[in-house]
Amino acid sequence: MDLTLMIWYFFCYSVLGYCIEVLYCSIGQKTLVNRGSLHGPYLPIYGFGAVFVVFIFVKITDNPGLFFLIACIGTSMLEYATGVLAEKLFSIRLWDYSSYRFNLKGRVCLLNSTLFGLLSLLVAYCIHPYLSAFILSVDEAVLDHGAMVIMLLLSVDTTSSVFRMSAFQKQLGEFKEKRKEIENRLSILRNFNGNKMLDGLRVKLNTELDELRLRLSISAKQILKAFPSLTSSNEEKRLLLETLRKTIRENALHRKLHSSKKRSKRRDD
């Protein structure tokens, strides 16, 4: 298989996977949800999965039932490995299926494995023949230059996204340390109630803590929207992520109410 064609198939299925994921999650949450840790509209895990499906799994068997079973197992192994790699690199879980029945350590679950198997059937027998025919009809020079652009785009995006996730992890750690420091100071100040100067310092420390939480929630917003079930095996970090999630929801609700009041006021005027 020509590397150029492989890159194009990988990219097309990454974009298709992004569209499916956004549609599936947006319907479930009843609001438009941007998925994935990258900046662009593509999910590489779907690209890898589709390449395995159409170039490896299809060649193993012509039996659709057996193919479905192989695809379920193969794509689940890919999802599990991706989850483990993310946990090792960033100490967080990008998704968590612990609340689903028949899950394996929260990284894969029977429902998603079944959906991936069905999607694999759709890709192998319905989508790929047409996509392959279309790509093969494109001029070779266009494909070659396009493949180079795709590789450059994905390389830059992946590097940027890794740095962003690493920065978010660093910010989480710094927030934890700063919060602990402020809370220790506040704990000491509670022993000196009634002192106006110390009361002013207490207010200042509480304000500083709120500002730190707000800055962190702004940084976390895009990541938490892309991965609604983002969590951590570290209990303190898990609770912090839940707090950030709650803060983001409250801010969104506040903005919605504020916008509603402004529209109502304009109608009255």
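Our subject is the structure that appears above.
Quick caveat, the model's predicted, so the values are computed rather than measured.

Caption draft 1: Here's a closer look at the overall build of the chain. Within the chain, the regular secondary structure consists of seven helices and two strands. In the chain, the succession of helices and strands from N to C terminus is α-α-α-β-β-α-α-α-α. In the chain, buried positions account for 38% of the 269 residues. In the structure as shown, the chain presents an accessible area of about 16600 Å², 63% of it carried by carbon and sulfur atoms.

Caption draft 2: Summary view of a nonpolar patch on the surface. Among the surface-exposed residues, Y24, Y100, L111, L115 and L118 lie close enough to one another that they form a single nonpolar patch of about 470 Å² accessible area. For the nonpolar patch, the element with the highest residue contribution is helix α4 (residues 110-137), accounting for three residues. Within the secondary structure, L118 sits in helix α4.

Caption draft 3: Spotlight on helix α2 (residues 44-60). Taking 1.5 Å per residue as the helical rise, α2 with its 17 residues ought to reach 24 Å, and the 23 Å between its terminal C-alpha atoms agrees with that figure. The largest bend along α2 measures about 40 degrees and falls at V53. Packing partners of the buried residues in α2 comprise α1 (3-29), α3 (64-90) and α4.

Caption draft 4: The arrangement of the nonpolar core in detail. Counting residues in each nonpolar core, the largest one holds 26 residues, and the members touching the most others are W8, Y9, Y13, V53, F57, I135 and I150. Elements supplying a minimum of two residues to this core: α1, α2, α3, α4 and α5 (140-189). Tallying contributions element by element places α1 first for this core, with seven residues. Counting 25 residues, the second-largest nonpolar core is a separate cluster that includes A86, M165, A220 and I223.

Caption draft 5: Seen up close, empty space enclosed by the protein. By the definition in use, this model includes two cavities of 30 Å³ or more. Taken as a whole, the largest cavity spans an internal volume of roughly 220 Å³. If you trace the largest cavity, you find 16 residues lining it, with Y46, G49, A50, F116 and L119 closest to the centre. The set of elements that each furnish at least two residues to the lining of the largest cavity consists of α1, α2, α3 and α4. Per-element accounting of the lining of the largest cavity gives the leading share, five residues, to α2. Of the residues belonging to the lining of the largest cavity, the class tally is eleven nonpolar, four polar and one charged. When its volume is computed, the second largest cavity comes out at roughly 30 Å³. Lining of the second largest cavity is provided by G83, E87, R93, L94, W95 and R107. Of the residues belonging to the lining of the second largest cavity, the class tally is two nonpolar, one polar and three charged.

Thresholds applied
Residues numbered from 1 in each chain as written. Predicted model: local features only at pLDDT ≥ 70, side-chain atom pairs only at ≥ 80, totals over all residues. Heavy atoms only, no water. Helix = DSSP H or I, 4+ residues; strand = E, 2+ residues; numbered from the N terminus. Buried < 20%, exposed > 50% of the residue type's maximum accessible area, 1.4 Å probe, protein only. Areas by Shrake-Rupley, 256 points an atom, 1.4 Å probe, with all protein chains shown as cover. Patch = residues over 30% accessible without salt bridge, like charges linked within 9 Å, V, L, I, M, F, W, Y side chains within 5 Å. Salt bridge = Lys/Arg side-chain N within 4 Å of Asp/Glu carboxyl O. Expected span 1.5 Å × (residues − 1). Bend = angle between axes of the 7 residues up to and from the residue. Contact = heavy atoms within 4.5 Å. Core = buried A, V, L, I, M, F, W, Y, C linked by side-chain atoms within 4.5 Å. 1 Å grid on protein atoms, 1.4 Å probe; cavity = no way out; pocket = protein on both sides within 12 Å on 5 of 7 lines; lining within 4 Å. Points joined across faces, edges and corners; volume = space filled by probe spheres on them. Nonpolar A, V, L, I, M, F, W, Y, C, P; charged D, E, K, R; others polar.

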